[in-house]
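What follows is each chain in one-letter form.
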Amino acid sequence: MGKKRVMLPVTEVDLTNVKYDPGEIEAPHITGFWLKVFVKLVEMPLLGSLIITQLKKQNKMNEMLRDTVIPEPPMFRPEFPPQEPEPGVVFLKEDGKPEDRVDSAVRCLPQYNPNSNYNSDLSPFQYWKIRDYAHSYRQRLTTPSSVAEHVICAIEEFSNKKPPTPLLISFDPEDVRKQAAASTQRFEEGKPLSILDGIFVAIKDDIDCYPHPSNGGTTWMHEVRTVKKDAVSVSKLRSCGAILVGKANMHELGMGTTGVNPNYGTARNPHDLERYTGGSSSGPAAIVALGICSAALGTDGGGRSVRIPSSLCGIVGLKTTYGRTDIKGALCDGGTVEIIGPIASSVEDVILVYAAILGSSPSDKISLHPSVPCLPDLSSHENSHILGSLRLGKYTEWFNDVFSPDISNKCEDALHMFSETHGCKVLEIVIPELDEMRTAHVVSIGSEAATSLAPDLQDGKGGRLTLDSRINFALFNSFSASDYVAAQRLRRRIMYYHMEIFKNVDVIVTPTTGMTAPVIPKSALKLGESNMKVTGNLMRFIIAANLLGFPAISVPVGYDKQGLPIGLQIIGRPWSEATILRLAAAFEGLRLETKQPESYFDILRRN
C-alpha cells in the first residue's frame, strides 16, 4: 500500500503552481471476436475482478478515490450560489404555456427575411430553419402533410442504404401522417398552435414519446418498462404542434461516445458515411444533420448525447443547466448529471425548442432555486454592446490538447475573429484537477446507472446488453460506496474552482471534442467496440458541464483537412443559458465556413 496522499483544502491551493496533466486513459482497443473474449474474461468472478482492478490502477482511480484524503464534504448533486442577472434578456414564464414561451422566443430573434435561404444556390450552404418552414406553411407554399411525405421517404431511403444506416428505432409512418394532417388542418383554419406547428422533431430512444416504446437502444427495456404517456419535455413540444417522427437510434443506454449499436445498426455521419456520428445521440444528430428533421431531443449525461454528436455532425447542441428542464419520463431521470436538451441545425432553432421544453420540476424548484428563465434579445440594438462586454476564459494548455491540431486552430481562429469583431476579451484561466474531475464523473454517472438498472441486470437482462455495455457495467459495479462519496468530495472541490473562475470571466471556451468523427471499424458493426482512448478524446472538454451542472453549447466553427466538422464549446455560469445562446448566435453570425453534408435531403424544396 502506497503512502496516503492528503489534498490541501481547496481554498489553499496555489493556482500559480498548477501544472496541466492530460491524464491519458489507459485501456485496450478491442472490437469483434476479441471483444467477445474480453467480456467473457471480465465477467469471470475472480479473473474479471483482477482485470478491472488492473484497469483502475493504470488509470489511477483507486489512487484518487481510496488512497487520498479529500478534506471537502461531499456534494451529491450540483449546488449553485446565487447568480447575477444577465443583461439584455427577455424573461419567460416557466409555468406558462409552452406555446406562449415559444412566441416570446420568436420576438427575441432577428427580423426574419424569407428570401435569405430561398437563394441558397447562390450563397454558402444553409439548413432550412424552423421559420422557413413556418413561412412556407403560412404562405400556402406547402403543407405539413406534403412535407411529411418527403420526411417519411427520406427516413426510409437513408435507413435502407447498404450497409444499413438506421436513424430511428421506432417509426410509424401512419402516425406521422396523422400528426401532419392535424397540423395541416390547423393551418387551413388559420389557427397554428405556434411557430413549431408542423415542425418535424425526432426523440431519442431513452425519452418517452407515446405510443412508442423507450428501449434506450436495448432489445429488452420495453419488457420491464411500459410507456403510458409522453415525457414532460415531449408533451410540451406536442402542445406546440411539433410533429414527433419517432424514437431515434442511440448508443445502448447512452453508455458510449461513438453511437455504435449492434442491436439496431449504427447510425452514420452525414459528412462521411464511413464515420461515427458520435454518441450516444447518434440518431438525433444524424437526422438533423441530414436535413430531415429541424430538431431533435437528446439526453446529456457526459456530453455524449447532445454536444459530442452535434459537434461531429456539424450542428448545434445545447446542454441546459442541471434542473432547468424537467427530465421526468427519461430513462435517466434519477441521475445527478443528466439533462434533456435540444439538437438543431442553427442556434435560433435551438432557442425555439429550448423555449418550449424549459421548466424545472417541482422538486428541483425547491432544492436548486433556479433563476427565472430568460432568452437573449437578439433583436435589440444593445446586443452588440453586450457581446463586447463579455469576458471569455481560455485554459490554453487544455484548449490545445487535441488529437488533431486542426481542431484547436479552427477554434482559435473563431475566437480571434470573434474578439476582433465584437471587441470582447479572451482571458487566460487555469483549471486544476482535470484528471480528478474525469474520475469523479465516471464514478458518479456509472454508479447512478448501475444502481438504477441493478434489478433488471441481476434478473438476467445483463447478458442481453451489447459487449461494450457489459464492460462498462463490470467497471461500474466495482465502485464502492466510499468511491462514490470520494467522487462527490472531488465534485465539491471542482465546483469551487469553477465558481472562482466565473468571478473573473463570463464563460469558458474550449473545443467541443478533442477529435473529429472517428472511422467505424467494420469489425465493430456486428459485435461493437471498446475504445477508451477515443472516448477520452471525445469527452476531454465536456465533463465539467455534466458533473457540475453548468449550461454549455456546441456550435460549428469549420472543418478539418478531411472535411469533418469541428465544434466550439461555450460553458456558462449556472442558469446562464441566455449568455451562451447569445455568444453561440454571434459565432454563427461570423459566417464561418459551411458546407453541405455528403448526404443531405432538401426536404422543403422537394415540391
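Identification of the chain as Amidase domain-containing protein from Mikania micrantha is taken from an unreviewed UniProt entry.

(A) A look at the overall build of the chain. The number of helices and strands found in the chain is 23 helices and 19 strands. On C-alpha atoms alone, the chain measures out to a radius of gyration of 23 Å, which is about the 25 Å that the 2.2 N^0.38 rule sets for 607 residues. Reported as C-alpha extents along the three principal axes, the dimensions of the chain are approximately 75 × 50 × 50 Å. A burial count over the chain gives 63% of its 607 residues as buried. Sequence separation of 24 or more characterises 81% of the internal contacts of the chain that already satisfy a separation of 6 or more. Working note: accessible area of the chain is about 23,000 Å², and carbon and sulfur atoms make up 54% of it. Seen as two clouds, the 64 positive and the 69 negative side-chain charges of the chain have centres 3 Å apart.

(B) Region of the structure containing the side chain of Thr466. Locating Thr466 in the fold gives a position in the loop between α17 (434–458) and α18 (467–476). Residue Thr466 is classed as buried on the basis of its relative accessible area of 6%. At 3.1 Å, the side chain of Thr466 forms a polar contact with the side chain of Asp468. A distance of 3.1 Å separates the side chain of Thr466 from the side chain of Ser469, its partner in a polar contact.

(C) The arrangement of helix α7 (residues 173–188) in detail. With 16 residues, α7 extends 22 Å between its outermost C-alpha atoms, agreeing within 8% with the 22 Å of an ideal straight helix rising 1.5 Å per residue. By the burial criterion, the buried members of α7 are Pro173, Val176, Gln179, Ala180, Ser183, Thr184, Arg186 and Phe187. Seen along its axis, α7 keeps its buried residues to an arc of 155°; they face one direction. The exposed set on the far side of α7, more than 90 degrees from its buried face, consists of Glu174, Lys178 and Glu188. Looking at the buried residues of α7, the elements they touch are α5 (130–138), α6 (144–159), β6 (200–204), α9 (232–239) and β7 (243–248). Among the residues of α7, the N-terminal cap falls to Asp172, whose side-chain oxygen and the backbone nitrogen of Glu174 are separated by 3.1 Å. Immediately beyond the C-terminal end of α7, within one or two residues, lies Gly190, with a positive phi of roughly 70°.

(D) Geometry of the pattern of salt bridges. Overall, the coordinates contain 33 salt bridges when judged by the stated rule. One salt bridge in this structure joins Asp364 and Arg77, with 2.9 Å as the shortest N-O distance. With Asp364 in helix α13 (residues 362–368) and Arg77 in the loop between β3 (68–69) and β4 (89–91), this pair connects stretches of sequence that are 287 residues apart. Assessed through its relative accessible area of 9%, Asp364 is described here as buried.

(E) Layout of the pairing of strand β9 (residues 272–276). Where strand β8 (residues 268–269) and β9 come together, two bridges link them in antiparallel fashion. Counted as the bridge partner of Asn269 is Asp272 from β9.

(F) The layout of surface pockets, seen in detail. For the largest pocket, the calculated volume is near 1,000 Å³. Contributing to the lining of the largest pocket are 43 residues, with Gln126, Lys129, Ser346, Glu588 and Arg591 lying nearest its centre. At the level of elements, α5, α12 (347–357), α14 (383–389), β18 (552–559) and α23 (577–589) are the ones that each hand at least two residues to the lining of the largest pocket. Tallying contributions element by element places α23 first for the lining of the largest pocket, with six residues. Here the lining of the largest pocket is built from residues that sort into 19 nonpolar, 15 polar and nine charged.

The rules behind each value
- Residues numbered from 1 in each chain as written.
- Predicted model: local features only at pLDDT ≥ 70, side-chain atom pairs only at ≥ 80, totals over all residues.
- Heavy atoms only, no water.
- Helix = DSSP H or I, 4+ residues; strand = E, 2+ residues; numbered from the N terminus.
- Rg over C-alpha atoms; globule rule 2.2 N^0.38 Å.
- Buried < 20%, exposed > 50% of the residue type's maximum accessible area, 1.4 Å probe, protein only.
- Contact = heavy atoms within 4.5 Å.
- Areas by Shrake-Rupley, 256 points an atom, 1.4 Å probe, with all protein chains shown as cover.
- Lys, Arg positive; Asp, Glu negative; His and termini not counted.
- Charge placed at Lys NZ, Arg CZ, Asp CG, Glu CD.
- Polar contact = N/O pair within 3.5 Å; in protein donor to acceptor, adjacent residues only side chain to side chain.
- Expected span 1.5 Å × (residues − 1).
- Arc of directions from axis to C-beta.
- Salt bridge = Lys/Arg side-chain N within 4 Å of Asp/Glu carboxyl O.
- Pairing = 2+ DSSP bridges.
- 1 Å grid on protein atoms, 1.4 Å probe; cavity = no way out; pocket = protein on both sides within 12 Å on 5 of 7 lines; lining within 4 Å.
- Points joined across faces, edges and corners; volume = space filled by probe spheres on them.
- Nonpolar A, V, L, I, M, F, W, Y, C, P; charged D, E, K, R; others polar.

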